Amino acid sequence: MIDNLNIATLLPLIVFVPLLVALLVFLVNQEKWQKIINIGFALLQFTIVITITLLFLKANILQSQRYQIGNWGAPLGIDLVVDGFSIVMVSLTGLLTLILTLYSTAYFSESSKGVRFWPLWWLLISGLNALFVSNDAFNIYVALEIIGLAAAALVALQSTREALEAALRYLLVGLLGSLFYLMAIAILYRSHGTLDLIQIAESTDHQLPDQIAIIFITAGLLLKIALFPLHFWLPPAHANAPTPVSAILSALVVKASLYVLIKFWFEVLNESTTVDASQFIGYLGATAILYGSWKAFQATHLKVVIAYSTVAQLGYIFLLFPLSEQAANTGTFTGSASQAAIYFIVAHACAKAAMFLSAGNLILSQGSGEISQLKGIARRQPVNLFVFAIAGVSLIGLPPSAGFIAKWLLLTASIESGQWWWSIVILLGGLMAAMYIAKILHLAFTNVENNIAPHYPEDNYILDTQPQAIHWILTATAIVLALTTLALGINAEFILNMANPTLTGSTL
Amino acid sequence: MNTLLMYSVTGVGLFAIGLLGLIISSHIMRKILSINIMGVGIFMLLIAFAKQNGEIADPLPHAMVLTGIVIAAAGTALALNLMVRLYDMQQKNRGSLDDR
């Protein structure tokens, strides 16, 4: 009983603490104090998230927990609710916030950009947490917009022309996607008279308004998640952002929209979804895997490779739609497909964050992000290259990593539901991931001394930044993320059990 | 044609016009305006829905519209800021490169 009370009262904290920190670091303009505030509150935030997770696991009922803001109650007020899926996402956000905050303190330590970075950073974290615990359709819209605005502004921090163009396109795409979502909310409110997700789910009756609403939601959110034909904005935005921003964009921001889409497809409006539509999304996902991997193989800039790899990896998660829809024949969020999808989200988030951090370190050390300039980097940055390789192993899906378990679960789900053709795409995608990872590793181990090219080609090439030594925190945080990826692979049961209550004790 | 239907049709119409404008226009300023028009269309729809049954208007959609306006203003401000920064950068490049 006390445990339930605690988890409910802790929920608003993970939204409001980052929001307050955003204001605080905006007011406290000095670098020294900012550093203390950032690290202190990142630790506090992590502690709160861990407490919530432990309480949730200990509560044993494994059901969704509810907190009513201002004691108003559902139809009028806004409720915060956590179930298994949101607990996984909240813990993931907490962990990545801590690690990326530490990374950013070192990354921005000698740059004036830090002053502008931190308020936006905490705003983004607040938006993410608000989205994951919100049970109010309109509140989710607000959270989506906070995330979209903060993320676009963070991309623009780099203030090169490419970054500004990417940020502007990212912002417009985000606003468009959110407006489609808002249109759906208006339609849902008209037909249900409530904004509470659980109440909408209870009163859904498979009618035309609901179907129109799910079409608007799907269209808007697919644009924000960058599924294959709508992916055009993602690679420039993710590749031109500062490194910690690239990491959180690929690891969490796209997953936030994905979370909302999964919530609506399988919990709120699952009566209104059809097998044909889910098959269509599956085909788009499969195309995304093949196309994204191919573009990643062709790309010449390290960060662009990783950004296209995100396009490909997101495709895997969309295989959830056909697999889950067909398997249960009712399209509920049950079975191995949904577990696979949740696990894939976590595995990809950790691996991709590790990869962006290590790639950022390699670029800092080399002074250029061009892959051709990475020749022989294995000698100078062995640790960061090792982290890159571990993250790559997870993306390819080789055994000791989290990516292996994720792909294994997806393969099992595709065989179980009798749709074996998806498993061909999954395996082919793994091979293609191996192609672009191996290409980079091959160059990294190529010996420079045998070539005529000078070691530091300052005179012959224009470098993005000057080659420099790397702060130990930058390397250490990347290592922690790589170890997390491995630990997730070895101890997969933990996440799978956490994700399980979504299936049994779901909000329905 | 009753008032509710008229407002709803206008709202959907504005949404469609904005979407069309966003797709076909190439200038960033026009794109930003188009997105704002789409937003206004949805707000119109929400205000119409607030009066759907009975004489007393439902305050919840009004609150949503107010919040929506604030968000639209923030988004527009950021987009305009980015646009101006890009424009400045282009002007500078034009000064140095004569062949443009």
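Residues numbered from 1 in each chain as written. Chains lettered and ligands numbered in written order. Predicted model: local features only at pLDDT ≥ 70, side-chain atom pairs only at ≥ 80, totals over all residues. Heavy atoms only, no water.

1. A closer look at the confidence of the model for chain A
Residues at a pLDDT of 70 or more form 89% of chain A, whose mean pLDDT is 85. Segment residues 501-508 of chain A: pLDDT under 50, and 26 contacts once partners within four positions in sequence are set aside and those in other chains are kept. (pLDDT = per-residue confidence, 0-100. Contact = heavy atoms within 4.5 Å.)

2. Things to note about the packing of helix H6 (residues 161-192) of chain A against helix H1 (residues 3-24) of chain B
Running from N to C, H6(A) and H1(B) point in directions that differ by 165 degrees, and their axes come no closer than 12 Å. On the basis of their axis angle, the class for H6(A) and H1(B) is roughly antiparallel. In the crossing of H6(A) with H1(B), the sense of the turn from one axis to the other is left-handed. Here A:Leu176, A:Leu179, A:Phe180, A:Met183 and A:Arg190 of H6(A) come into contact with H1(B), specifically with B:Leu4, B:Val12, B:Phe15, B:Leu19 and B:Leu22. Looking at the contact of H6(A) with H1(B) residue by residue, the classes come out as 9 nonpolar, no polar and 1 charged. (Axes fitted to C-alpha atoms, helices over the stretch in contact; angles between N-to-C directions. Helix = DSSP H or I, 4+ residues; strand = E, 2+ residues; numbered from the N terminus. Parallel < 35°, antiparallel > 145°, perpendicular 65-115°, else oblique. Left-handed = near helix turned anticlockwise from the far one by under 90°. Nonpolar A, V, L, I, M, F, W, Y, C, P; charged D, E, K, R; others polar.)

3. Re the interface of chain B and chain A
When the parts of a complex come together, some accessible area is lost, and that lost area is often used as the size of the interface. On the side of chain A, 32 residues touch chain B, which itself brings 36 residues to the contact. Note on chain B versus chain A: buried area summed over both sides is about 3,000 Å², and carbon and sulfur give 83% of it. Of all residues in chain B, B:Met64, B:Ile71 and B:Leu82 give up the largest surface area on contact with chain A, accounting jointly for 19% of the area buried on that side. Linking chain B with chain A are 1 residue pair in polar contact (both at pLDDT 80 or more), by the criterion used here. Of all the secondary-structure elements, those providing two or more residues to the side of chain B that touches chain A are H1, helix H2 (28-50) and helix H3 (59-96) of chain B. With 17 residues, H3(B) is the largest single contributor of residues to the side of chain B that touches chain A. (Buried area = accessible area lost by both parts, 1.4 Å probe. Polar contact = N/O pair within 3.5 Å; in protein donor to acceptor, adjacent residues only side chain to side chain.)

4. Some words on the packing of aromatic side chains
The tally for this structure, following the rule as stated, stands at 23 aromatic pairs over all chains. When the centroid spacing of 5.6 Å and the interplanar angle of 75 degrees are considered together, the rings of A:Phe180 and B:Phe15 count as edge-to-face. Placement of the pair is A:Phe180 in helix H6 and B:Phe15 in helix H1, with the two residues belonging to separate chains. Taking the centre distance of 6.3 Å and the plane angle of 50 degrees together, the rings of A:Trp265 and A:Phe266 count as tilted. With relative accessibility at 3%, the residue A:Trp265 sits in the buried group. An aromatic cluster is defined as three or more aromatic residues linked by ring pairs; in this entry it consists of A:Tyr103, A:Tyr107, A:Phe108, A:Phe117, A:Trp118 and A:Trp121. Of note, A:Lys439 hangs over the ring of A:Phe297, and the distance from its end group to the ring centre comes to 5.2 Å. (Phe/Tyr/Trp six-rings, centres within 6.5 Å; stacked < 30°, edge-to-face > 60°. Buried < 20%, exposed > 50% of the residue type's maximum accessible area, 1.4 Å probe, protein only. Lys NZ or Arg CZ within 6 Å of the ring centre and 35° of its normal.)

5. With respect to the packing of helix H2 (residues 31-58) of chain A against helix H3 (residues 84-107) of chain A
All names here are of chain A. With their axes 9 Å apart at the nearest point, H2 and H3 run at an angle of 160 degrees to one another. For the element pair H2 / H3, the angle class is roughly antiparallel. Of the two elements, H2 crosses H3, and the hand of that crossing is left-handed. Contact residues: Lys35, Asn38, Ile39, Ala42, Leu43, Phe46, Val49, Ile52, Thr53 and Phe56 in H2; Gly84, Ile87, Val90, Ser91, Gly94, Leu95, Leu98, Thr101, Leu102 and Thr105 in H3.

6. A closer look at the pattern of salt bridges
Residues and elements named next belong to chain A. Scanning all chains against the criterion turns up 3 salt bridges over all chains. Residue aspartate 83 pairs with lysine 263 through a salt bridge whose shortest N-O separation is 3.2 Å. Here aspartate 83, found in the loop between strand E2 (79-82) and H3, pairs with lysine 263, found in helix H10 (residues 243-268); they are 180 residues apart in sequence, far enough to count as distant. The buried category is assigned to aspartate 83, whose relative accessible area is 1%. Between glutamate 165 and arginine 161 there is a salt bridge, with the nearest N and O atoms lying 3.4 Å from each other. Here glutamate 165 and its partner arginine 161 are both found in helix H6, 4 residues apart, which amounts to about one turn of the helix. On the basis of relative accessibility, which here comes to 33%, the residue glutamate 165 falls in the partly exposed class. Each member of the salt-bridge network shares a partner with another, and the members are Asp83, Lys263 and Glu267. (Salt bridge = Lys/Arg side-chain N within 4 Å of Asp/Glu carboxyl O.)

7. Observations concerning the nonpolar core
Across soluble globular proteins, nonpolar side chains have a tendency to be buried as a group. Among the nonpolar cores identified, the biggest contains 219 residues, and A:Leu131, A:Tyr181, A:Phe264 and A:Tyr343 are the most heavily contacted of them. Apart from the residues within four sequence positions on either side, A:Phe264 is in contact with A:Ala137, A:Tyr181, A:Ile185, A:Leu188, A:Leu197, A:Ile214, A:Ile217, A:Leu269 and A:Asn270. (Core = buried A, V, L, I, M, F, W, Y, C linked by side-chain atoms within 4.5 Å.)

8. A short note on the confidence of the model for chain B
All names here are of chain B. When the pLDDT values of chain B are averaged, the result is 87; 90% of them are 70 or greater. The spread of mean pLDDT over the elements of chain B runs between H3, the lowest at 89, and H2, the highest at 93. Scored as a complex, the prediction yields pTM 0.90 and ipTM 0.92.

9. Focus on a nonpolar patch on the surface
A contiguous nonpolar patch, built from A:Tyr283, A:Ile415, A:Trp420, A:Trp421 and A:Ile424 and spanning about 570 Å² of accessible area, is present on the exposed surface. For A:Trp420, a relative accessible area of 53% puts it in the exposed group. (Patch = residues over 30% accessible without salt bridge, like charges linked within 9 Å, V, L, I, M, F, W, Y side chains within 5 Å. Areas by Shrake-Rupley, 256 points an atom, 1.4 Å probe, with all protein chains shown as cover.)

10. Digging into H10(A)
Residues and elements named next belong to chain A. Between its terminal C-alpha atoms H10 stretches 36 Å, which fits the 38 Å expected from 26 residues at 1.5 Å a residue. The largest bend in H10 amounts to roughly 45 degrees and is located at leucine 249. Extensive coverage of H10 is indicated by the burial of 26 of its 26 residues. (Expected span 1.5 Å × (residues − 1). Bend = angle between axes of the 7 residues up to and from the residue.)

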